[in-house]
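Here is what each chain is made of, one letter per residue.
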Amino acid sequence: PGSVSPKNTYPTSCPSKLRETGSRRWVFLLVKEVMTPHVVSIAPEESAALAARLLARHGLGALPVCSAEGILRGMVTDRDIVLRCVAPEADPKSVPVKEIMSRRLAAVAPEDDVRQAARLMARRQIRRLPVVAEGKVVGMVSLGDLAQCGRYEMEISRALTDISSVVQKLSE
């Protein structure tokens, strides 16, 4: 029930890529350099109650929902649990995660530029993205991870502004 990936063997200390355009040279960070490589995930058949406990225990806002082979099937958030399980007065112990998870997924690859991740978060109004290689989750990247890298403040602040404006509208 619920799993934490073992020490990830995906390299996270690879150097940033160098991009050249004309006489200019640009260095940009890759997602694998800022992602969290240890992922707590849950199986689709597990209960919403277990998902809530894992979120609380690990201080997370979202869990990737993965098959036994590690293939990403969906994402479940604390909001999904509240709106799709608790609010309709269903029993979280008997509701499987697959019934409340989000299936419309956005993900990035470890080799993607962090600016792409920030733009995707802004466009999809999400704060966390699974990092997927060969169909399997190898990490998670959040707006906080991007903010800590100290670069690309414009993309990150735009993503946070876009997401926050939607949250503000929903709460009004």
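Just so we're clear, the structure is a prediction, and the values are computed from it rather than from any experiment.

### A few points about the pattern of salt bridges
The tally for this structure, following the rule as stated, stands at 3 salt bridges. Between glutamate 111 and lysine 32 there is a salt bridge, with the nearest N and O atoms lying 2.6 Å from each other. Here glutamate 111, found in the loop between helix 4 (97-100) and helix 5 (114-124), pairs with lysine 32, found in helix 1 (residues 31-34); they are 79 residues apart in sequence, far enough to count as distant. Exposure remark for lysine 32: the relative accessible area of 5% places this residue in the buried category. Between arginine 84 and aspartate 80 there is a salt bridge, and its shortest N-O distance comes to 3.3 Å. One end of the pair is arginine 84 and the other is aspartate 80, both in helix 3 (residues 78-86) and 4 residues apart, which spans about a single turn. Judged by relative accessible area, aspartate 80 falls into the buried class, the value being 7%.

### A closer look at the nonpolar core
One broad trend across soluble globular proteins is that nonpolar side chains are buried collectively. Judged by nonpolar contacts, the single largest core of 18 residues is most densely connected at Val31, Val108, Leu129, Val131, Val141 and Leu146. Those elements giving two or more residues to this core turn out to be helix 1, helix 5, strand 7 (128-133), strand 8 (136-142) and helix 6 (143-148). Broken down by element, the residue count for this core peaks at 5 residues, all from helix 5. Within the second largest apolar cluster, 16 residues are counted, among which are Leu55, Leu63, Val65 and Ile100.

### Some thoughts on helix 2 (residues 48-58)
For helix 2, the complete set of buried residues consists of Ala48, Ala49, Leu50, Ala51, Leu54 and Leu55. Following helix 2 by one or two positions, glycine 59 adopts a phi angle in the positive range, close to 65°.

### Overview of the confidence of the model for the protein
When pLDDT is averaged along the protein, the result is 81, and 70% of the positions lie at 70 or above. Confidence, expressed as mean pLDDT per element, reaches its minimum in the protein at strand 2 (residues 17-21) with 47 and its maximum at helix 4 with 98. Here residues 5-21 scores under 50 on pLDDT; set against residues more than four positions off or in separate chains, the count is 43 contacts.

### Focus: a nonpolar patch on the surface
A contiguous nonpolar surface patch, about 250 Å² in accessible area, is contributed by Val82, Leu83 and Val86. Locating valine 86 in the fold gives a position in helix 3. Using a relative accessible area of 43% as the deciding quantity, one classes valine 86 as partly exposed.

What counts, and at which threshold
- Residues numbered from 1 in each chain as written.
- Predicted model: local features only at pLDDT ≥ 70, side-chain atom pairs only at ≥ 80, totals over all residues.
- Heavy atoms only, no water.
- Salt bridge = Lys/Arg side-chain N within 4 Å of Asp/Glu carboxyl O.
- Helix = DSSP H or I, 4+ residues; strand = E, 2+ residues; numbered from the N terminus.
- Buried < 20%, exposed > 50% of the residue type's maximum accessible area, 1.4 Å probe, protein only.
- Core = buried A, V, L, I, M, F, W, Y, C linked by side-chain atoms within 4.5 Å.
- pLDDT = per-residue confidence, 0-100.
- Contact = heavy atoms within 4.5 Å.
- Patch = residues over 30% accessible without salt bridge, like charges linked within 9 Å, V, L, I, M, F, W, Y side chains within 5 Å.
- Areas by Shrake-Rupley, 256 points an atom, 1.4 Å probe, with all protein chains shown as cover.

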